[in-house]
Structures are given as C-alpha cells and as structure tokens.
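Each chain, written out:
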Amino acid sequence: GNSVTQMEGPVTLSEEAFLTINCTYTATGYPSLFWYVQYPGEGLQLLLKATKADDKGSNKGFEATYRKETTSFHLEKGSVQVSDSAVYFCALTPTGTASKLTFGTGTRLQVTL
Amino acid sequence: DTEVTQTPKHLVMGMTNKKSLKCEQHMGHRAMYWYKQKAKKPPELMFVYSYEKLSINESVPSRFSPECPNSSLLNLHLHALQPEDSALYLCASSQPGQGPEAFFGQGTRLTVV
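Reading guide: rules and limits
- Note on numbering: residues in each chain are counted from 1, in written sequence order.
- Here every chain gets a letter starting at A, and every ligand a number starting at 1, in the order they are written.
- Note on the predicted model: pLDDT of at least 70 is required for a residue's local features to be given, and 80 or more for side-chain atom pairs to be given and counted; whole-chain, interface and lining totals, by contrast, use all residues.
- The basis for every side-chain value is the complete set of non-hydrogen atoms in the structure, without hydrogens or water.
- Should a side-chain nitrogen of Lys or Arg be within 4 Å of a carboxyl oxygen of Asp or Glu, the pair is scored as a salt bridge.
- For the purposes of this entry, the term helix denotes a DSSP run of H or I that reaches at least four residues, the term strand denotes a run of E that reaches at least two, and both are numbered from the N terminus.
- When a residue's accessible area, from a 1.4 Å probe over protein chains only, is under 20% of the maximum for its type it is buried; when over 50% it is exposed; and in between it is partly exposed.
- Under the rule applied, a polar contact is a pair of N or O atoms within 3.5 Å (in protein, one hydrogen donor and one hydrogen acceptor; residues adjacent in sequence only if both atoms are side-chain atoms).
- A pair of Phe, Tyr and Trp rings is counted when the ring centres sit within 6.5 Å of each other, with Trp represented by its six-membered ring. The angle between the planes then sorts it: under 30 degrees is stacked, over 60 is edge-to-face, the rest tilted.
- For a Lys NZ or an Arg CZ to count as sitting over a ring, it must be within 6 Å of the ring centre and within 35 degrees of the ring normal.
- Any cysteine sulfur atom paired with another within 2.5 Å is treated as part of a disulfide.

K.L.:
Explain the pattern of salt bridges to me, and be specific about the residues and the numbers.
P.N.:
Residues and elements named next belong to chain B. In total, this model carries seven salt bridges over all chains according to the counting rule given. With a shortest N-O distance of 2.9 Å, Arg30 and Glu52 are connected by a salt bridge. Here Glu52 lies in the loop between β5 (44–50) and β6 (53–57) and Arg30 lies in the loop between β3 (18–25) and β4 (31–37), a separation of 22 residues in the sequence. Owing to a relative accessible area of 27%, Arg30 belongs among the partly exposed residues under this scheme. Arg63 is paired through a salt bridge with Asp85; the nearest N and O atoms lie 2.8 Å apart. With a gap of 22 residues between them, Arg63 in the loop between β6 and β7 (64–70) and Asp85 in the loop between β8 (73–79) and β9 (87–94) connect regions that are remote in the sequence.

Below, the structure is given as structure tokens:
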C-alpha cells in the first residue's frame with residue numbers, strides 16, 4: 001500500500017534559519033506529491049505540489065523536488081519567519097486522482113525570534 | 001476562487017442530539033470529501049462523493065450519514081455520537097481530470113458531551 005514517512009517534530013528554529021523537513025514515500029506507479037500546511041485552529045492549505053519525477057513545487061519561499069530515485073519530497077525554505085509556525089503534512093495520491101490522499105504524521109514547526 | 005466553506009466553525013452537541021455539518025464550494029468541483037482529524041494526527045478519510053454519488057465509505061459508523069444534495073453542497077448528518085467522535089471535521093473538494101490536488105475548508109470543531 002501507499003505510505004508517507006515524515007521526520008519527527010517538533011522542529012524549533014530561530015527566525016531567518018534554513019528549514020528542511022524530510023519526507024519519503026512508498027507507492028506504486030507515479031504518485032502526485034504534496035505539502036499541506038495547517039496553522040493553529042485552521043484547516044489544511046495546499047502549500048505546493050509536484051506531479052512527476054524531477055518536478056519542483058514552490059510557493060511562498062518554500063520548495064520541494066520530486067525525487068523518484070530516493071522516493072523523497074523534502075520541504076525546504078531558505079529563511080523562515082515566525083509566521084511559518086504551523087504543522088506541515090507531506091501527502092501523496094495515486095496517479096491522476098485526489099480520491100485517496102495518504103498523509104504523513106505531520107511535523108510541527110516552531111519559529112522563534 | 002479556491003474556497004471551501006464549512007459551517008458551523010464550532011459545534012457542541014450532546015450524545016442524544018442530531019446535528020448537521022455543511023460544506024459548500026463554488027469551484028465547479030465534482031468530487032467532495034469528508035475527513036476526520038483528531039488532535040496531533042493527520043486527517044483520516046471518511047467519505048468520497050464523485051459526481052454526487054457516494055463512491056468511498058471508509059467503514060464509517062452509521063451514526064455519521066453523508067449527503068450530497070447537489071454538486072456544490074455536502075452535508076454530514078450526526079446522530080447519537082460518542083465523546084470519542086470529538087474532532088475537527090474537514091471538507092475538501094477536487095475536480096476529476098483537472099489535477100490531483102484537493103482543497104480543504106477550515107473545518108468544524110466538534111465536541112460531543
């Protein structure tokens with residue numbers, strides 16, 4: 001079956017530090033990969049996506065590259081802000097459909113001044 | 001407009017009550033979803049509607065009853081819930097064939113007393 005593994009949190013960083021949140025996956029075929037962000041008390045927001053190998057998704061300074069050879073989709077940001085404090089979920093869905101989103105366990109990011 | 005609207009934002013109900021959660025989207029999406037999210041956990045899929053027909057029921061207890069009156073609306077009827085059903089209930093939508101991503105609402109925070 002499909003699965004997503006994320007690094008354990010919480011991740012605590014100072015403002016302007018470099019962020020990496022690791023994500024690896026197991027899936028058959030060519031899944032689409034996502035990062036969703038959940039701010040406290042809110043729903044999930046789609047942060048970025050990649051639908052095929054070597055695609056780079058980017059949004060709001062965050063980036064992630066679909067690496068099929070290492071089955072990874074690590075999230076990076078060059079300089080985090082306090083407002084980036086949230087829970088980040090890596091997720092995948094089988095080719096061409098959103099019907100079966102599989103989420104990782106989520107990684108809490110805390111950014112301090 | 002990439003908005004999914006859920007009402008109410010918060011709901012407290014007794015174990016003998018009947019209540020409904022509502023979800024609306026105006027993106028023309030023909031697939032809609034209900035997810036349940038417990039604290040510090042990822043969302044778990046409950047139901048999928050595709051073209052107004054129930055296509056996936058993830059073995060959800062019958063005290064949860066979904067309804068899709070039209071392509072823009074999705075309801076979740078609640079009856080005789082248990083305290084362990086307290087959670088954040090998230091609605092999402094996607095468009096089959098137009099991209100694999102799902103868009104989430106802000107959720108309804110349900111407390112069963």
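Back to the text.
K.L.:
Describe the side chain of Thr107 of chain A, listing the residues and the values that go with them.
P.N.:
Residue and element names in this part refer to chain A. Assignment of secondary structure puts Thr107 in strand β12 (residues 107–112). Residue Thr107 is classed as buried on the basis of its relative accessible area, which comes to 0%. Among the polar contacts made by the side chain of Thr107, one reaches the side chain of Gln6 at a distance of 3.0 Å.

K.L.:
How would you sum up the packing of aromatic side chains? Please name residues and give values.
P.N.:
In the structure shown here, the tally under the stated rule is eleven aromatic pairs over all chains. Ring centres of Tyr36 of chain A and Phe104 of chain B lie 5.4 Å apart, and the angle between their planes is 85°; this geometry places the pair in the edge-to-face category. Of the two residues, Tyr36 of chain A is situated in strand β5 (residues 32–38) and Phe104 of chain B in strand β10 (residues 103–104); the pairing between them involves two chains. Here the two residues Tyr36 of chain A and Phe104 of chain B agree in accessibility, since each one is buried. Ring centres of Phe62 of chain A and Tyr88 of chain A lie 5.6 Å apart, and the angle between their planes is 40°; on these two criteria the pair is classed as tilted. Here Tyr88 of chain A lies in strand β10 (residues 86–93) and Phe62 of chain A lies in strand β8 (residues 62–65), a separation of 26 residues in the sequence. Three or more aromatic residues joined by ring pairs make a cluster, and in this case those are Phe34, Tyr36, Phe89 and Phe103 of chain A together with Tyr33, Tyr35 and Phe104 of chain B. A cation sits over an aromatic face here: Lys68 of chain A above Tyr30 of chain A, 4.4 Å from the ring centre.

K.L.:
Can you break down the state of the cysteines residue by residue, with the values?
P.N.:
The final tally for this structure, using the stated rule, is two disulfides over all chains. With a sulfur-sulfur separation of 1.9 Å, Cys23 of chain A is cross-linked through a disulfide to Cys90 of chain A. Measuring handedness by torsion sign, the sulfur bridge of Cys23 of chain A and Cys90 of chain A sits at about -70° and is left-handed. Of this pair, Cys23 of chain A sits in strand β4 (residues 23–26) while Cys90 of chain A sits in strand β10; the two residues are 67 residues apart in sequence, bridging distant segments of the chain. Across the pair, exposure class does not vary: Cys23 of chain A and Cys90 of chain A are buried alike. Each sulfur in the disulfide pair Cys23 of chain B and Cys91 of chain B lies 1.9 Å from the other. Here the disulfide of Cys23 of chain B and Cys91 of chain B is left-handed, its torsion about the S-S bond being about -70°. In this pair, Cys23 of chain B is assigned in strand β3 and Cys91 of chain B in strand β9, connecting sequence segments 68 residues apart. Accessibility classification places Cys23 of chain B together with Cys91 of chain B in one group, the buried group. Looking at Cys68 of chain B, it has no disulfide partner, and the nearest cysteine sulfur is the one in Cys91 of chain B, 9.2 Å off.

K.L.:
Describe in detail unusual backbone geometry, supporting the description with residues and values.
P.N.:
Cis peptide bonds are those with omega within 30 degrees of zero, and the linkage from Gly9 of chain A to Pro10 of chain A qualifies with -5°. Considering the arrangement of structural elements, one finds Pro10 of chain A in the loop between β1 (3–6) and β2 (11–14). Cis geometry marks the peptide bond from Thr7 of chain B to Pro8 of chain B; its omega dihedral reads -10°. Tracing the backbone shows Pro8 of chain B in the loop between β1 (4–7) and β2 (10–13).

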